Amino acid sequence: MEIKYDENGLVPAIIQDAKTKTVLMLGYMNEEAYLKTNTTKKVTFYSRSKQRLWTKGEESGNFLNLVAIKNDCDNDSLLVTVNPVGPTCHTGTDNCWGEDNKQTFGFLTELEQTIADRKANQDNDDSYVASLFRKGINKIAQKVGEEAVEVVIEAKDDNDDLFLNESADLLFHYLILLKAKGFGLNDIEQVLLDRKK
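Notes on the structure follow.

Analysis parameters
Residues numbered from 1 in each chain as written. Predicted model: local features only at pLDDT ≥ 70, side-chain atom pairs only at ≥ 80, totals over all residues. Heavy atoms only, no water. Patch = residues over 30% accessible without salt bridge, like charges linked within 9 Å, V, L, I, M, F, W, Y side chains within 5 Å. Areas by Shrake-Rupley, 256 points an atom, 1.4 Å probe, with all protein chains shown as cover. Salt bridge = Lys/Arg side-chain N within 4 Å of Asp/Glu carboxyl O. Lys, Arg positive; Asp, Glu negative; His and termini not counted. Charge placed at Lys NZ, Arg CZ, Asp CG, Glu CD. Helix = DSSP H or I, 4+ residues; strand = E, 2+ residues; numbered from the N terminus. Buried < 20%, exposed > 50% of the residue type's maximum accessible area, 1.4 Å probe, protein only. Pairing = 2+ DSSP bridges. Phe/Tyr/Trp six-rings, centres within 6.5 Å; stacked < 30°, edge-to-face > 60°. Lys NZ or Arg CZ within 6 Å of the ring centre and 35° of its normal. 1 Å grid on protein atoms, 1.4 Å probe; cavity = no way out; pocket = protein on both sides within 12 Å on 5 of 7 lines; lining within 4 Å. Points joined across faces, edges and corners; volume = space filled by probe spheres on them. Nonpolar A, V, L, I, M, F, W, Y, C, P; charged D, E, K, R; others polar.

All right, on to a negative patch on the surface then. A cluster of acidic residues, Asp157, Asp158, Asp160 and Asp161, forms a negative patch at the surface. By the element assignment, Asp160 lies in helix H5 (residues 160–180). The exposure class assigned to Asp160 is exposed, which follows from its relative accessible area of 56%.

Encoded structure:
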């Protein structure tokens, strides 16, 4: 891999969790740190303050286990994907911006949070989701069944708009059912990952 080191012999290395895609930290590597990282599979930096190589976790045990290294389009910065062991930041947080390193699914994670809020506030008479939680698990499961049948019916026709709308209804009600059972998309993802061969 061609790497353009700066005038100090360093290249910025952006560290990203391979699973969650959360950016964990930014460090710098010189050629020796890059080679050691590839050899040991533990991310190693060049510490500008200590003026020496520094393997993340050498004191704390919170190693960054290497998954892959990619070069950017100009060959002057690295994206290092890792499986972190413990928190990454020296302050004890998951990353150096104080954010939790959790798997998210974009808008679906926001939707899950809204559903959780409706479950917690079931007395909201204006909320359809809250009304389903008030009616209980049988009603929620029934709605998932109804929406699944509608998806099957629309799949056999040629109206893509109706098929996509019914699919969205099914996914929405399924997320409600998952929350009613105390689960979420992360739990389903884990089952699928466990099945991966």
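Counting buried residues along strand E1 (residues 11–17), five of its seven residues qualify, which places the element largely inside the surrounding structure. Relative to strand E2 (residues 23–29), E1 runs antiparallel, the two being bridged by six bridges. Across the sheet, Ile15 pairs through a bridge with Met25, a residue of E2. As judged from the five bridges shared by E1 and strand E6 (residues 78–84), these two strands associate in the parallel manner. Paired with Ile15 across the bridge in E6 is Val80.

The subject of this paragraph is the packing of aromatic side chains. This structure, assessed with the given rule, holds one aromatic pair. Above the plane of the ring of Phe63 lies Lys42, whose end atom (NZ or CZ) is 5.0 Å from the centre.

Right, let's get into empty space enclosed by the protein. Empty pockets left among the atoms are what a rolling probe the size of a water molecule brings to light. Overall, the coordinates contain one cavity of 30 Å³ or more when judged by the stated rule. One number sums up the size of the largest cavity: a volume of about 30 Å³. Around the largest cavity, the lining residues are Glu112, Ile115, Leu175, Leu178, Lys179, Phe183 and Gly184. Looking at the lining of the largest cavity, the elements that each hand over two or more residues are helix H2 (107–120) and H5. Looking at the lining of the largest cavity, the element that brings in the most residues is H5, giving three residues. For the lining of the largest cavity, the class distribution of residues is four nonpolar, one polar and two charged.

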